[in-house]
Amino acid sequence: MLILGIETSCDETSCAVLKGRDRVLSNVVSSSLFRQRPFGGIVPEIASRHCLEQIDVVFREAMRAAKVRLSDIRLVAVTQGPGLIGSLLVGVSFAKMLALRLGVPCVGVNHLEAHLETPFLKGKCLGEIPKPLTRPERFVGLLVSGGHTILTWHDGRRVKRMGETVDDAAGEAYDKVAKLMGLGYPGGPVIDRLAREGDPGRVRFTMPKQDHPYDFSFSGIKTAVLYFYQKHAPQCKTARALDQLRRDIAAGFQEAVVDWLVRKTLALAKEKRASDIVVGGGVSANRALREKMTAEAANEGNRAFFPPFSLTGDNAAMIACRGYDLFRAGKRSPLNMAAAASLPLFA
Ligand code: KG4
Ligand code: ZN
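Attention here is on the structure that accompanies the text.

## Looking at the pairing of strand 9 (residues 276-280)
Burial of strand 9 is extensive: five of the five residues sit out of reach of the surface. Every second residue of strand 9 is oriented toward a common face, with D276, V278 and G280 on one face and I277 and V279 on the other, all of them buried. Of the pairings in the sheet, the one linking strand 9 to strand 10 (residues 303-305) comprises three bridges and is parallel in character. The partner of D276 across the bridge, within strand 10, is R303. Crossover handedness for the path strand 9 to helix 9 (residues 287-299) to strand 10: right-handed.

## Comments concerning the site of ligand 1
Taken together, 20 residues sit near ligand 1, with G146, D175, D192, G282 and N286 positioned nearest. A distance of 2.8 Å separates an oxygen atom of ligand 1 from a polar backbone atom of G146. Considering ligand 1 on its own, with 560 Å² of exposed area, one finds that the protein chains cover 85% of that surface. Elements supplying a minimum of two residues to the shell around ligand 1: helix 4 (111-115), helix 5 (170-180) and helix 6 (187-195). Counting residues per element, the shell around ligand 1 draws most heavily on helix 6, which supplies four residues. Looking at the shell around ligand 1, its residues break down into five nonpolar, twelve polar and three charged.

## Side note on unusual backbone geometry
The peptide bond linking G81 to P82 adopts the cis configuration, its omega dihedral lying at -10°. Here P82 shows up in the loop between strand 4 (73-81) and helix 3 (85-102). With an omega of -5°, the peptide bond running from Y185 to P186 counts as cis. Tracing the backbone shows P186 in the loop between helix 5 and helix 6. Even without a glycine there, the phi angle at R273 is positive, about 50°. By the secondary structure assignment, R273 is in the loop between helix 8 (239-272) and strand 9. The exposure class assigned to R273 is exposed, which follows from its relative accessible area of 73%. Within the chain, F346 stands out as a residue other than glycine whose phi angle is a positive 45°.

## Describing the pairing of strand 4
For strand 4, the tally of buried residues reaches eight of nine residues, placing the bulk of the element in the interior. The sheet contact formed by strand 1 (residues 2-7) and strand 4 spans five bridges and is parallel. Counterpart to L4 in the pairing with strand 4 is V76. Looking at chain direction, strand 4 and strand 5 (residues 106-110) are connected through five bridges and run parallel. Along strand 5, the bridge assignment pairs G81 with N110. The β-α-β motif built from strand 4, the intervening helix 3 and the parallel element strand 5 has right-handed crossover chirality.

## With respect to the nonpolar core
If you look at the biggest cluster of nonpolar residues, it comprises 50 residues, and the most contacted ones within it are I191, F253, I277, L289 and M293. Listing elements by their share of this core, those giving two or more residues are strand 6 (138-144), strand 7 (149-155), helix 5, helix 6, helix 7 (219-232), helix 8, strand 9 and helix 9. Sequence-distant contacts of I191, that is, excluding residues within four places in its chain, are made with Y174, V177, A178, M181, L183, A250, F253 and Q254. Residues I73, V76, V92 and A99 belong to the second largest nonpolar core, which totals 27 residues.

## Concerning the packing of aromatic side chains
A ring pair, where both rings are aromatic, is described by two values, the distance of the centres and the angle of the planes. Under the defined criterion, the tally for this structure stands at five aromatic pairs. Summarising the aromatic geometry, the rings of F59 and F94 are spaced 5.4 Å apart at their centres and angled 70° between planes, so their arrangement reads as edge-to-face. Highlighted residues: F59 in helix 2 (residues 44-66) and F94 in helix 3, separated in sequence by 35 residues. Taken individually, F59 and F94 each receive the classification buried, so the pair is uniform in this respect. A ring pair is formed by F216 and F218, whose centres lie 5.9 Å apart and whose planes are at 10°; its orientation type is stacked.

## Quick look at helix 2
Given a rise of 1.5 Å per residue, 23 residues ought to cover 33 Å, and the 30 Å separating the end C-alpha atoms of helix 2 matches this to within 8%. In the structure, helix 2 departs most strongly from a straight axis at Q54, where the bend amounts to approximately 45°. Among the residues of helix 2, those classed as buried are A47, S48, H50, C51, Q54, I55, V58, F59, A62, M63 and A66. Where helix 2 is buried, its residues touch strand 1, strand 2 (12-19), strand 3 (23-31), helix 1 (33-36), strand 4 and helix 3. At the C-terminal side of helix 2, K67 shows a positive phi close to 55°.

## Quick notes on the sheet that holds strand 8 (residues 159-164)
Ordered in space as 8-7-6-9-10, the five strands form an open sheet in which the pairing is mixed. Each end of this open sheet is capped by a strand with a single partner; those strands are strand 8 and strand 10. Taken pair by pair, the neighbouring strands of this sheet meet at an average axis angle of 20°, ignoring direction. Pairing analysis gives four bridges linking strand 6 to strand 9, with the strands arranged parallel. Counted as the bridge partner of G141 is V278 from strand 9. On the sheet, helix 8 packs against strand 6, strand 7, strand 8 and strand 9 and is oriented at approximately 160° with respect to strand 6.

The rules behind each value
Residues numbered from 1 in each chain as written. Chains lettered and ligands numbered in written order. Predicted model: local features only at pLDDT ≥ 70, side-chain atom pairs only at ≥ 80, totals over all residues. Heavy atoms only, no water. Buried < 20%, exposed > 50% of the residue type's maximum accessible area, 1.4 Å probe, protein only. Helix = DSSP H or I, 4+ residues; strand = E, 2+ residues; numbered from the N terminus. Pairing = 2+ DSSP bridges. Right-handed = clockwise from strand over helix to strand, strands pointing away. Near = heavy atom within 4 Å. Polar contact = N/O pair within 3.5 Å; in protein donor to acceptor, adjacent residues only side chain to side chain. Areas by Shrake-Rupley, 256 points an atom, 1.4 Å probe, with all protein chains shown as cover. Nonpolar A, V, L, I, M, F, W, Y, C, P; charged D, E, K, R; others polar. Core = buried A, V, L, I, M, F, W, Y, C linked by side-chain atoms within 4.5 Å. Contact = heavy atoms within 4.5 Å. Phe/Tyr/Trp six-rings, centres within 6.5 Å; stacked < 30°, edge-to-face > 60°. Expected span 1.5 Å × (residues − 1). Bend = angle between axes of the 7 residues up to and from the residue. Axes fitted to C-alpha atoms, helices over the stretch in contact; angles between N-to-C directions.

Limitation: the analysis is restricted to geometry and does not speak to function.
Rendered as structure tokens:
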């Protein structure tokens, strides 16, 4: 069965064709980052205009690359939410139009749920040697993106939300820390790179105390970085010294954030006696997170699954996969389905 996936929740426009639940025949992504960069963050109006401009060309390219006929598509899966309403509307309208024209069902997908499918997708077009992984039934899920940081528990039948950030998301903290040090947008990749050349011992951040063991908080560390940077940057006499300060702060910041993410995820896995951990979302591209989570999970005899780098960001392949599962479970979305800026998780 061929599934067409459509994703326009934020600043990316993506279409993908899947054969069955996990074989990716094509996954085309057009990012509006080059238009957002000058503004230091996502401007919703620019994002939605980009989606509107790109959706048709991205769809055609996904069909061409998959080498399949449009009349062979049996299901259209689309991101219904959460996200920016203007961007979501583009994908949802396009998907409904296409489903109506092809006479096939349309299924609305929760974008966040879809991120947790990415480690198990396969296909030459993903740019990495496909690993023969099967999705576990029981696992701890860690969703880390620019807008969300959520821990979930999947017991094979139901999904429970176990914890989340009470303020900034992990990716948002990366973006804010990079911005305050004048490192541009998005902050994740640049901090990840600089952290590898810095000394994490120069500034250490302590984990905030929280009532709930599986909640996160990242706004305090951002403020601590701000004060440290404002105090030490004026003392840097050379550009080289300032660069080193940025690298050391990046290293200390990243060590703390990764440590909190890994510690809480493993604690939940221990509580649930789960042997598998699934990580998804933009921050899953972080190399330190991948290394530490994989190593520490292995120490406990557990496995940590991460997506291929081509699927860490927003993409339509994961939407098609999640849409297929929902379709198999009987879900059909009516053609008056509305895009939803916020949407409950695993409802
Ligand atoms: O999932 P995503 O593409 O978009 C949504 O927010 O839905 O995530 C984007 C976030 C940004 O905050 C970006 O800075 C972060 O993912 N990110 C990273 C890395 N690459 C992207 N954070 C840490 N390390 C990275 N290597
Ligand atoms: Zn996302």
